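Reading the structure
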Amino acid sequence: MLHVDGEDRDYGRRKIERETPETGCPVSRAVDGSWQVRGYDEARAVLRSTTTVQAGLGIESVEGLPSRIRRPVLYRDGPEHREHRRQTARFFTPRHVDQHYRDVMARATRTQLDRLTATGRATLSDLAFNVAIEVACAVIGLTESRPGIKQRLERFFPEEFGTPGLRSLHGIYWTIRQSTNWLRVHLGDVRPAVRARRRRRRDDLISHLLDEGCSTSEILGECLTFAAAGMVTTREFISAAAWHLFSDAELLTHYQAADEPGRIAVLNEILRIDPVIGRLSRRTTGPLDVPRNGDEPLTVPAGERIDILLDHTNLDERAIGPRPQRIRPGRAMREGARPPGLSFGDGPHKCPGMHIALLETDIFLTSLFALPGLRMATPPTIGFIDGIASYELRHCVVEVDTVP
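Residues numbered from 1 in each chain as written. Predicted model: local features only at pLDDT ≥ 70, side-chain atom pairs only at ≥ 80, totals over all residues. Heavy atoms only, no water.

**Here's the deal with the nonpolar core**
Core analysis: the biggest nonpolar cluster contains 81 residues, and Leu365 and Leu368 have the highest contact counts within it. In terms of residue count, the dominant contributor to this core is helix H9 (residues 216-247) (15 residues). Not counting the four nearest positions on each side in its chain, Leu368 is found in contact with Leu113, Leu116, Leu124 and Leu374. Formed by 20 residues, the second largest nonpolar core is a distinct cluster that contains Trp35, Leu47, Val290 and Leu298. (Core = buried A, V, L, I, M, F, W, Y, C linked by side-chain atoms within 4.5 Å. Buried < 20%, exposed > 50% of the residue type's maximum accessible area, 1.4 Å probe, protein only. Helix = DSSP H or I, 4+ residues; strand = E, 2+ residues; numbered from the N terminus. Contact = heavy atoms within 4.5 Å.)

As structure tokens, this is what we get:
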């Protein structure tokens, strides 16, 4: 551990390395013709631009939908997207999260840790996923689900984002597989929730969508979008943060001694150096001028794909400060840069669930590391989803002392 600037301290380094091209250039052209952005300021300019639209994230799945069907918010841009975000922002403010979801997070955590202490061992990703499901369901309004929601969601979210269609055996299989999974989630989770809220509205996303006149199929699309953001990514972040704390005794001591804002600062730094999603993609709808650190802006023509490589942007010393590859809770960043870097994105599509994910992770980890005899029996294995450069941490087994 390094001591920097008096009370500032540096802890561990990144644990998850992706195979992203190494170059010192903040913006460059890839072999396939796409643009790759590694600089923090350059990436933020792309994400905040009004001449770009969402790309990647399986957007091919919705491009073929009839125009009368409203796309999930993830795949919309422009005034309609901004209005939807404005109307739903109240569900994700720090105050609303604290008042409405803190108890849900604590209850879900107790349930899973009681299971751990009863058996003495469990797989960390399973514990984290169960907590993430319960919290996200409370936010979305999926509270009348039939048994088996975890299995339905695990089947739905693919190991990779494919291109649906009927031009190959893989495309046929992908289309049939996902259509079946959509139907399972619709019948088992969304339809019961919609029926309950048609009778009586509640303070959740599904009730809001019903007030907007959305059909059940449109609500299904929104629910799955929010489920992916609120369940899958949070599971991975909880696993990654726990791995860091298990592996670094001094960081764990710092985390446990801190108050809640101090612990959140630790989590922000872990997420900055190990962002769950490693690549955000946009497509230009018009010429886009990207700043270049005092040089003439680089103009990207319309119709081009731009990939923002978060593994690099979050280590840009110009914005992050000295030794950006090290965990430094509460580090002083340059004006305009915020923790945890660009891990939650920026601009119109910035993830609205930031406060939920950080508080949920803190509540779970604070309780987990308070258990007597807690130890990591098996470290996680690392897999990747290539389409978004997202990691998957599996097979991490944790153990505790059991009471005779």
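On we go.
**Looking at helix H10 (residues 249-257)**
Turning to H10, its buried residues number three or more, namely Leu251, Leu252 and Tyr255. When H10 is viewed along its axis, its buried side chains cluster within an angular range of 100° and face the same direction. Facing away from the buried side of H10 by more than 90 degrees, the exposed set consists of Ala249, Thr253 and Ala257. Contacts made by the buried residues of H10 are with H9, helix H11 (260-273) and helix H14 (354-368). For H10, the capping residue at the N-terminal end is Asp248, with a side-chain oxygen 3.2 Å from the backbone nitrogen of Glu250. (Arc of directions from axis to C-beta. Polar contact = N/O pair within 3.5 Å; in protein donor to acceptor, adjacent residues only side chain to side chain.)

**Things to note about the side chain of Glu304**
Turning to its location among the elements, Glu304 is positioned in the loop between strand E9 (295-300) and strand E10 (305-309). By relative accessible area, which is 17% here, Glu304 ends up buried. A distance of 2.6 Å separates polar atoms of two side chains, one belonging to Glu304 and the other to Arg29. Here the side chain of Glu304 touches Trp35 through a polar contact of 3.0 Å, side chain to side chain. In this structure, Glu304 is in contact with Arg29, Gly33, Trp35, Arg282, Arg283 and Thr284, ignoring residues within four places of it in sequence.

**With respect to the sheet that holds strand E14 (residues 397-399)**
Spatially, the 3 strands line up as an open sheet ordered E6-E14-E11, and their pairing is antiparallel. Every other strand in the sheet has two partners, leaving strand E6 (121-123) and strand E11 (375-378) as the edge strands with one partner each. Neighbour to neighbour, the strand axes of the sheet diverge by 35° on average, direction disregarded. Sheet topology note: the E6/E14 ladder contains 3 bridges and is antiparallel. Directly across from Arg121, in E14, lies its bridge partner Glu399. (Pairing = 2+ DSSP bridges. Axes fitted to C-alpha atoms, helices over the stretch in contact; angles between N-to-C directions.)

**A closer look at the confidence of the model for the protein**
Confidence in the prediction for the protein averages 87 pLDDT; 86% of positions are at 70 or higher. Of all the helices and strands in the protein, strand E1 (residues 2-4) carries the lowest mean pLDDT, 37, while E14 carries the highest, 98. Confidence drops under pLDDT 50 across residues 1-7; counting only partners more than four residues distant or on other chains, this segment forms 15 contacts. (pLDDT = per-residue confidence, 0-100.)

**Some points on H9**
Spanning 32 residues, H9 covers 45 Å between terminal C-alpha atoms, matching the ideal 46 Å at 1.5 Å per step. Within H9, 26 of the 32 residues are buried, which leaves it mostly tucked inside the rest of the structure. (Expected span 1.5 Å × (residues − 1).)

**Remarks on unusual backbone geometry**
At the junction of Pro339 and Pro340, the peptide bond is cis and its omega measures out at -5° in the coordinates. Along the chain, the position of Pro340 falls in the loop between helix H13 (317-320) and H14. One non-glycine residue, Arg323, lies in positive phi territory at about 45°. Here Arg323 shows up in the loop between H13 and H14. The class for Arg323 is partly exposed, based on a relative accessible area of 33%.

**Remarks on the environment of Thr117**
On the secondary structure map, Thr117 appears in helix H4 (residues 94-119). Separated by 284 residues in the primary sequence, Thr117 and Asp401 place their C-alpha atoms 7.3 Å from one another. Leave out the neighbours within four places in its chain, and Thr117 touches Leu371, Val400 and Thr402. Of note is the side chain of Thr117, whose polar atom sits 3.0 Å from the backbone oxygen of Asp114.

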